[in-house]
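Structural characterization, general
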Amino acid sequence: AASDVYKRQVRDRARSHLISMGTEAFKALTQLRLPAVTKKAAIRRRAVFTMSQIKSPGLEKELRSSLKDPAAEVRQAAARSLGELRTGEAVPELCAALDDEDPLLQRLAATALGRISDRKAINSLFSSLQSDSQAVFEHAVRLALIEIGDPGECLPWLKNPNPHHQATALRVMEQIDPGALRLEDVVPFLRSSLPLLRNEARRIVAGRTDWKKSVFALFRELLSADQQDPSSSQLAEEIMMGFASDE
């Protein structure tokens, strides 16, 4: 409606004016964002977004405090702003936000942690993944881990009992640096009874042509065994399936 367009234009002009005022407006916005001062969450949210565009001492502290606002939309605004500013001091609060009750805030926190790229967030990002996590959240966590780009910190998660953590570690390490994964890191997952892990491992093995000689040497070793146990037979089959499209 025309009235809605007019209201947005007025808000945009007001925001631009406040930003141009700098520190003077910043002080007023730090009060306006407080739930005790402003009851309407939408106004607090706009205060956070406007405040984030004013370079003033104490900005990061104010945004971090807004991550604890009772309204999800305000917390979302704070998380998005901290990510855009790449505020390293906010890593603990953003890690805590990964477990927030609001799904959008969880994704925004993961995205912000990826932009900040502090390795201290890696364990929290992995721990936030659960068997019932939404696909969009899993995607945000994987992207964040890839942006942080530390395969060494991801390696211990290959041995975590949670298959979702293991599958994430496999994919993330491969994306960061394929050389960070060794054949012996991947082979155990070819034996897995879980398609999630077995398919991920098969995909990685098939894409590593530099492993081909070692993989087929393992295949011949399995075939030459006098008595194959079921897991060895399955591994041999997975090796052949993995390289089937490479022939």
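Look a little higher up for the structure.
Remember, it's a predicted structure, so these values are computed and weren't measured experimentally.

1. Some words on the overall build of the chain
A count of helices and strands for the chain gives 15 helices and 0 strands. Counting all 247 residues of the chain, 44% fall into the buried class. When contacts within the chain are restricted to residue pairs at least 6 apart in sequence, long-range pairs at least 24 apart make up 62% of them. Roughly 13,200 Å² of accessible area belongs to the chain as shown, and the carbon and sulfur atoms make up 51% of that amount.

2. So, helix H12 (residues 183–190)
Note: α-helices contain 3.6 residues per turn, so residues at a spacing of three or four share the same orientation. Burial analysis of H12 places 6 of its 8 residues in the buried class, the great majority of the element. Looking at H12, one finds that the buried residues are Leu183, Asp185, Val186, Val187, Phe189 and Leu190.

3. Some points on helix H11 (residues 163–176)
Helix length check: H11, at 14 residues, gives a terminal C-alpha distance of 20 Å against a target of 20 Å (1.5 Å per residue), a fit within 8%. Among the residues making up H11, those that are buried are His165, Gln166, Ala167, Thr168, Ala169, Leu170, Val172, Met173 and Glu174. In the core, the buried residues of H11 are packed alongside helix H8 (122–127), helix H9 (135–148), helix H10 (151–154), H12 and helix H13 (195–207). N-capping of H11 is provided by Asn162, with a side-chain oxygen placed 2.8 Å from the backbone N of His164.

4. Examining the packing of aromatic side chains
Applying the stated criterion across every chain, the model contains 1 aromatic pair. Seen in terms of ring centroids, Phe126 and Trp157 are 4.8 Å apart; in terms of plane orientation they differ by 10 degrees. Their pairing is stacked. Note that Phe126 is positioned in helix H8 and Trp157 in the loop between H10 and H11, a separation of 31 residues in sequence. Accessibility assignment for this pair places Phe126 and Trp157 in one class, buried.

5. With respect to the pattern of salt bridges
Pairs can form between side chains of opposite charge once their charged atoms are near each other. One pass over the full model with this rule turns up 14 salt bridges. Between Arg44 and Asp69 there is a salt bridge whose closest N-O contact spans 2.8 Å. Of this pair, Arg44 sits in helix H3 (residues 41–51) while Asp69 is found in the loop between helix H4 (59–66) and helix H5 (72–85), placing the two residues 25 residues apart along the sequence. Assessed through its relative accessible area of 5%, Asp69 is described here as buried. For Arg64, the salt bridge is made with Glu93, and the minimal N-O distance between the two is 3.1 Å. Note that Arg64 is positioned in helix H4 and Glu93 in helix H6 (residues 91–97), a separation of 29 residues in sequence. What makes Arg64 partly exposed here is its relative accessible area of 25%. One continuous salt-bridge network, built from bridges that share partners, spans Arg171, Glu174, Glu200 and Arg203.

So, how was this worked out
Residues numbered from 1 in each chain as written. Predicted model: local features only at pLDDT ≥ 70, side-chain atom pairs only at ≥ 80, totals over all residues. Heavy atoms only, no water. Helix = DSSP H or I, 4+ residues; strand = E, 2+ residues; numbered from the N terminus. Buried < 20%, exposed > 50% of the residue type's maximum accessible area, 1.4 Å probe, protein only. Contact = heavy atoms within 4.5 Å. Areas by Shrake-Rupley, 256 points an atom, 1.4 Å probe, with all protein chains shown as cover. Expected span 1.5 Å × (residues − 1). Polar contact = N/O pair within 3.5 Å; in protein donor to acceptor, adjacent residues only side chain to side chain. Phe/Tyr/Trp six-rings, centres within 6.5 Å; stacked < 30°, edge-to-face > 60°. Salt bridge = Lys/Arg side-chain N within 4 Å of Asp/Glu carboxyl O.

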